Every structure is written in C-alpha cells, then in structure tokens.
Amino acid sequence: MGEQHGPAGVSVPDSRLAAEATELVRDTTSDLIYDHSRRVYFFGSLLGRVRQIGFDPEVLYVAALFHDVGLGERFHDSGRRFEVDSAEEARRFLQARQVPEDSIRRVWTAIALHTTPGIPEFMEPEVALLAAGVEYDVFGFAYDEIDAADREAVVAAHPRPAFKQRILRAFADGVEEKPETTFGNVKADVLAHYDPHFRRGDFVRTVLESPWPE
C-alpha cells in the first residue's frame, strides 16, 4: 500500500480500497460530512503521532470516512442508532472487497463507539484514534495537543464554515425520525435542543416502571 502526502505531513493511503472509499463517501454525502470525515482522519493521525500510538492508516481512514454516513436520509427510518448504520455500511463496503475480518471488526467497532466516551481510548489504536479525531473536530478536546500550524493546514484543506451549527443540525436531522435510538447517548442532547416535542428517555424512570414487582 502506498501513500499520498496530505496536509500537516499526514500520509493518506493511496490503495484502491482507500480510493474507492473516498469516491463513495464523496459522492453520497454532503460537503459538510465529507470534509468533517477527512478532518477526523487527519486529526486522529496527528494525535496518534503526538501520543506515539502506532496504527493502520487504511483502517483509520476507512473508519473516518464512513463514521457519519448513517446520518443520511436513507437511514432515517432504520430504527437503529446512526453509529450502527454507519458501521454496517462500512462492513458491507469492506466485505465486498474481501478485506480481512480483523480489519473489518476494527472499523466496525471504531465507528460504533465513536460517540461513546470513556471506552475507545482503552481499545485498539484505530478505535481510540477515531474517537479522538471526532472529539477533536467536534468538541475541541485536547485542542493544544496539535500544533497550530498543523491544525490550520488541515482546516485549509477541508474548511469548516459555520461547522458547529451545521453539524448539530445534521445530527438532529439524522436522528429525529428515530428518537428512541437516542436513549442513553449524546444525541438525546441534540434532539432536546432542536425538537420542542422531544422527551428524552429517563433511565431511573425506566428502571422504576419496569414490569418487575421489586
């Protein structure tokens, strides 16, 4: 597998698999999601460099590209968390290309857990770095761990105009037709903000009102 030179000195896999993943996601998602996904790869890679974490660039790249595809309109009535829809889409893509099962498992797990803080950091490098890249781009976590010049180079290649409001709106649009999938996860906060009719699930009430007599 060769590499292409990307912003901030981060290498991008130039394998056929990576090229097909890029083309597919570029053609089927918005500029918002595509640019965000590419930034996630670059930021995750840079954090791996800073933290001296070795990783498989192709696994991280595919995971980053696919991690938000489940927000798309065709998944709005799936009844599943958008992270699972994203992971399943990546799995189908990789299985169709005879990618080894261990790589598929790591991509699936990284995508499925990318909005679940406190767990990915203890798992395989690609799982940890996908979550770290997402948290960097969305929350600004560990903001100063990446050199300002490197950060600016990534944003120059993949700009983020009005990103905060636009990504939150994309999250809301992606889950508003399946609000039950937000129980116990961060997307409940999104719907609570954007949908005046949304009523979040309550863990304590769910326990107390279960059919168990005690």
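This report concerns the structure included in the present document.

What counts as what
- Residues numbered from 1 in each chain as written.
- Predicted model: local features only at pLDDT ≥ 70, side-chain atom pairs only at ≥ 80, totals over all residues.
- Heavy atoms only, no water.
- Helix = DSSP H or I, 4+ residues; strand = E, 2+ residues; numbered from the N terminus.
- Rg over C-alpha atoms; globule rule 2.2 N^0.38 Å.
- Buried < 20%, exposed > 50% of the residue type's maximum accessible area, 1.4 Å probe, protein only.
- Contact = heavy atoms within 4.5 Å.
- Areas by Shrake-Rupley, 256 points an atom, 1.4 Å probe, with all protein chains shown as cover.
- Lys, Arg positive; Asp, Glu negative; His and termini not counted.
- Charge placed at Lys NZ, Arg CZ, Asp CG, Glu CD.
- Axes fitted to C-alpha atoms, helices over the stretch in contact; angles between N-to-C directions.
- Parallel < 35°, antiparallel > 145°, perpendicular 65-115°, else oblique.
- Left-handed = near helix turned anticlockwise from the far one by under 90°.
- Nonpolar A, V, L, I, M, F, W, Y, C, P; charged D, E, K, R; others polar.
- Patch = residues over 30% accessible without salt bridge, like charges linked within 9 Å, V, L, I, M, F, W, Y side chains within 5 Å.
- Salt bridge = Lys/Arg side-chain N within 4 Å of Asp/Glu carboxyl O.
- Phe/Tyr/Trp six-rings, centres within 6.5 Å; stacked < 30°, edge-to-face > 60°.

Overview of the overall build of the protein
Here is step 1 of the chain: Broken down by element type, the protein carries 10 helices and two strands.
Here is step 2 of the chain: Taken from the N to the C terminus, the helices and strands of the protein come in the order β-β-α-α-α-α-α-α-α-α-α-α.
Here is step 3 of the chain: On C-alpha atoms alone, the protein measures out to a radius of gyration of 18 Å, which is about the 17 Å that the 2.2 N^0.38 rule sets for 214 residues.
Here is step 4 of the chain: Expressed along its principal axes, the backbone C-alpha trace of the protein runs to roughly 60 × 40 × 35 Å.
Here is step 5 of the chain: Taken over 214 residues, the protein has a buried fraction of 47%.
Here is step 6 of the chain: Once local pairs closer than 6 in sequence are excluded, the contacts in the protein between residues at least 24 apart make up 62%.
Here is step 7 of the chain: Within the structure as shown, the protein displays about 11,100 Å² of accessible surface, and the carbon and sulfur contribution to it stands at 54%.
Here is step 8 of the chain: Taking the 24 positively charged and 37 negatively charged side chains of the protein as two groups, their mean positions are separated by 2 Å.

Details of the packing of helix H2 (residues 31-50) against helix H3 (residues 57-66)
Here is step 1 of the chain: Interaxial distance between H2 and H3 falls to 8 Å at its minimum, and their mutual angle equals 150°. The orientation of H2 with respect to H3, classified from their angle, is roughly antiparallel. Of the two elements, H2 crosses H3, and the hand of that crossing is right-handed. Packed against H2, whose contacting residues are Tyr34, Ser37, Arg38, Val40, Tyr41, Gly44 and Ser45, the element H3 presents Pro57, Leu60, Tyr61, Ala64 and Leu65 at the interface.
Here is step 2 of the chain: Among the residues forming the contact of H2 with H3, the class breakdown is eight nonpolar, three polar and one charged.

Focus on a nonpolar patch on the surface
Here is step 1 of the chain: A cluster of nonpolar side chains, contributed by Phe183, Phe203, Val204, Val207 and Leu208, occupies part of the molecular surface with about 550 Å² of accessible area.
Here is step 2 of the chain: Of the residues examined, Phe203 reaches a relative accessible area of 60% and is grouped as exposed.

A word on the packing of aromatic side chains
Here is step 1 of the chain: In the structure shown here, the tally under the stated rule is seven aromatic pairs.
Here is step 2 of the chain: The interplanar angle of 15° and the centroid separation of 5.8 Å between the aromatic rings of Tyr136 and Tyr143 together place this pair among those described as stacked.
Here is step 3 of the chain: Tyr136 gets classed as buried once you look at its relative accessible area, which sits at 3%.
Here is step 4 of the chain: You can call Tyr143 partly exposed: its relative accessible area is 43%.
Here is step 5 of the chain: With centroids separated by 4.8 Å and ring planes inclined at 20°, the aromatic side chains of Phe139 and Phe141 adopt a geometry described as stacked.
Here is step 6 of the chain: Of the residues examined, Phe139 reaches a relative accessible area of 52% and is grouped as exposed.

So, the pattern of salt bridges
Here is step 1 of the chain: Within the structure shown, the criterion is met by 20 salt bridges.
Here is step 2 of the chain: Among the ionic pairs, Arg26 bridges to Asp31, the shortest N-O distance being 2.8 Å.
Here is step 3 of the chain: Given the relative accessible area of 34%, Arg26 is considered partly exposed.
Here is step 4 of the chain: The closest approach of N and O atoms between Arg105 and Glu124, which form a salt bridge, is 2.6 Å. A residue pair is termed long-range when its members are at least 10 positions apart, and Arg105 in helix H5 (residues 101-112) and Glu124 in the loop between H5 and helix H6 (125-139) qualify at 19 residues.
Here is step 5 of the chain: For Arg105, a relative accessible area of 35% gives the class partly exposed.
Here is step 6 of the chain: On the basis of relative accessible area, Glu124 is assigned to the partly exposed category, the value being 21%.
Here is step 7 of the chain: Salt bridges sharing partners connect three or more residues here, namely Asp102, Arg105, Arg106, Glu124 and Glu126.

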